[in-house]
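Take a look at the letters that make up each chain.
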Amino acid sequence: DTAVSQTPKYLVTQMGNDKSIKCEQNLGHDTMYWYKQDSKKFLKIMFSYNNKELIINETVPNRFSPKSPDKAHLNLHINSLELGDSAVYFCASSQRRELFFGEGSRLTVL
Amino acid sequence: GENVEQHPSTLSVQEGDSAVIKCTYSDSASNYFPWYKQELGKRPQLIIDIRSNVGEKKDQRIAVTLNKTAKHFSLHITETQPEDSAVYFCASYTGTASKLTFGTGTRLQVTL
């Protein structure tokens, strides 16, 4: 019974393509996030949604567009993929302050 | 915005020894300080946290200390075991920004 699930786990694609990652949580949490973890393991917040409303939008290129159809889902669409987008993308949710992470989606841009 | 520095970036200890990881934060409004453990290929998971009205918290072999005046907090692991090998992240929560800012991570290696 996975709490935060994201798909796909692995994505390998060419530069210039568009890709999406989906995230769902069954914890009943109000807030969901996207974090990017690069090859040096740094965890950087990208976006945060509370009850479908965008509340945090870090300095992320506008090629990245999050969408929250309801509070249990937060998807990430990336246009015109670049080499530097290669990373592990973690979805997370929280009710108060503890983050519950998904398993991560490893994106490789060739 | 909040800035969290974490040291050391790598730490190697022998099984049974203690390990200490230190973090500093910049925003005096930060009031919650969790520690996450990320095993190889896995997701980060919360192992312990401390709130700003508490100076120390212990849970079996792990403990956290917080010095609000100096804006320092530390993770202490005693009697380390090979399964403690992982990347550890400190973080700081700022209520005004509703944001958790992570440190840069410490790769802990426990050798036999």
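Residues numbered from 1 in each chain as written. Chains lettered and ligands numbered in written order. Predicted model: local features only at pLDDT ≥ 70, side-chain atom pairs only at ≥ 80, totals over all residues. Heavy atoms only, no water.

Some details on the sheet that holds strand β3 (residues 19–25) of chain B
All names here are of chain B.
Next up, step 1: Taken in spatial order, the 5 strands make up an open sheet running β1-β3-β8-β7-β6, and their pairing is antiparallel. Whereas interior strands pair on both sides, the edge strands pair on one side only; in this sheet they are β1 (4–7) and β6 (56–59). When the angles between neighbouring strand axes are averaged without regard to direction, this sheet yields 15 degrees.
Next up, step 2: Sheet topology places β1 next to β3; 4 bridges connect them, and they run antiparallel. Paired with Val-4 across the two strands is Tyr-25, which belongs to β3. (Pairing = 2+ DSSP bridges. Helix = DSSP H or I, 4+ residues; strand = E, 2+ residues; numbered from the N terminus. Axes fitted to C-alpha atoms, helices over the stretch in contact; angles between N-to-C directions.)

Things to note about the nonpolar core
Next up, step 1: Trp-35, Phe-73, Leu-75, Ile-77, Tyr-88 and Leu-108 of chain B are the most contacted members of the largest nonpolar core, which totals 22 residues.
Next up, step 2: For this core, the secondary structure elements donating two or more residues are β2 (10–14), β3, β4 (30–38), β5 (45–51), β7 (62–67), β8 (72–77), β9 (86–94) and β11 (106–111) of chain B.
Next up, step 3: The element that contributes the greatest number of residues to this core is β3 of chain B, accounting for 4 residues.
Next up, step 4: Excluding anything up to four places from it in sequence, Phe-73 of chain B contacts Ile-21, Lys-22, Cys-23, Tyr-25, Phe-33, Trp-35, Thr-65, Leu-66, Cys-90 and Ala-91 of chain B.
Next up, step 5: The next biggest cluster of nonpolar side chains, apart from the first, holds 20 residues, and it includes Trp-34, Tyr-49, Leu-81 and Cys-91 of chain A. (Core = buried A, V, L, I, M, F, W, Y, C linked by side-chain atoms within 4.5 Å. Buried < 20%, exposed > 50% of the residue type's maximum accessible area, 1.4 Å probe, protein only. Contact = heavy atoms within 4.5 Å.)

Description of the state of the cysteines
Two cysteines form a disulfide when their sulfur atoms are joined by a covalent bond.
Next up, step 1: Taken as a whole and assessed by the stated rule, the structure comprises 2 disulfides over all chains.
Next up, step 2: Shown here is the disulfide that connects Cys-23 of chain A with Cys-91 of chain A, its sulfur atoms set 1.8 Å apart. Since a negative S-S torsion denotes a left-handed disulfide, the Cys-23 of chain A-Cys-91 of chain A link at about -75 degrees is left-handed. Taken together, the positions of Cys-23 of chain A in strand β3 (residues 19–25) and Cys-91 of chain A in strand β9 (residues 87–94) put the pair 68 residues apart, joining distant regions of the chain.
Next up, step 3: Sulfur-sulfur distance for the disulfide between Cys-23 of chain B and Cys-90 of chain B comes to 2.0 Å. Between Cys-23 of chain B and Cys-90 of chain B, the S-S torsion sits near -100 degrees, and that sign places the bridge as left-handed. Placement of the pair is Cys-23 of chain B in strand β3 and Cys-90 of chain B in strand β9, with a sequence separation of 67 residues.
Next up, step 4: For Cys-90 of chain B, a relative accessible area of 0% corresponds to the buried category. (Disulfide = S-S within 2.5 Å.)

A short note on the packing of aromatic side chains
Two measures describe an aromatic ring pair: the distance that separates the ring centres and the angle between the ring planes.
Next up, step 1: Enumeration over the complete set of coordinates arrives at 14 aromatic pairs over all chains.
Next up, step 2: One aromatic cluster is present, built from ring pairs that chain together Tyr-33, Tyr-35, Phe-90 and Phe-101 of chain A together with Tyr-36, Phe-89 and Phe-102 of chain B. (Phe/Tyr/Trp six-rings, centres within 6.5 Å; stacked < 30°, edge-to-face > 60°.)

Considering unusual backbone geometry
Next up, step 1: At the junction of Thr-7 of chain A and Pro-8 of chain A, the peptide bond is cis and its omega measures out at 0 degrees in the coordinates.
Next up, step 2: Looking at where Pro-8 of chain A falls in the secondary structure, it is placed in the loop between β1 (4–7) and β2 (10–13).
Next up, step 3: Between His-7 of chain B and Pro-8 of chain B the backbone carries a cis peptide bond, its omega angle lying at -5 degrees.
Next up, step 4: One non-glycine residue, Lys-41 of chain A, adopts positive backbone phi at about 75 degrees.
Next up, step 5: Positionally, Lys-41 of chain A belongs in the loop between β4 (31–37) and β5 (43–50).
Next up, step 6: The partly exposed category is assigned to Lys-41 of chain A, whose relative accessible area is 22%.
Next up, step 7: A positive phi angle is found at Lys-71 of chain B, which is not glycine, with a value near 60 degrees.
Next up, step 8: On the secondary structure map, Lys-71 of chain B appears in the loop between β7 and β8.

Treat this as a map of the structure, not an account of what it does.
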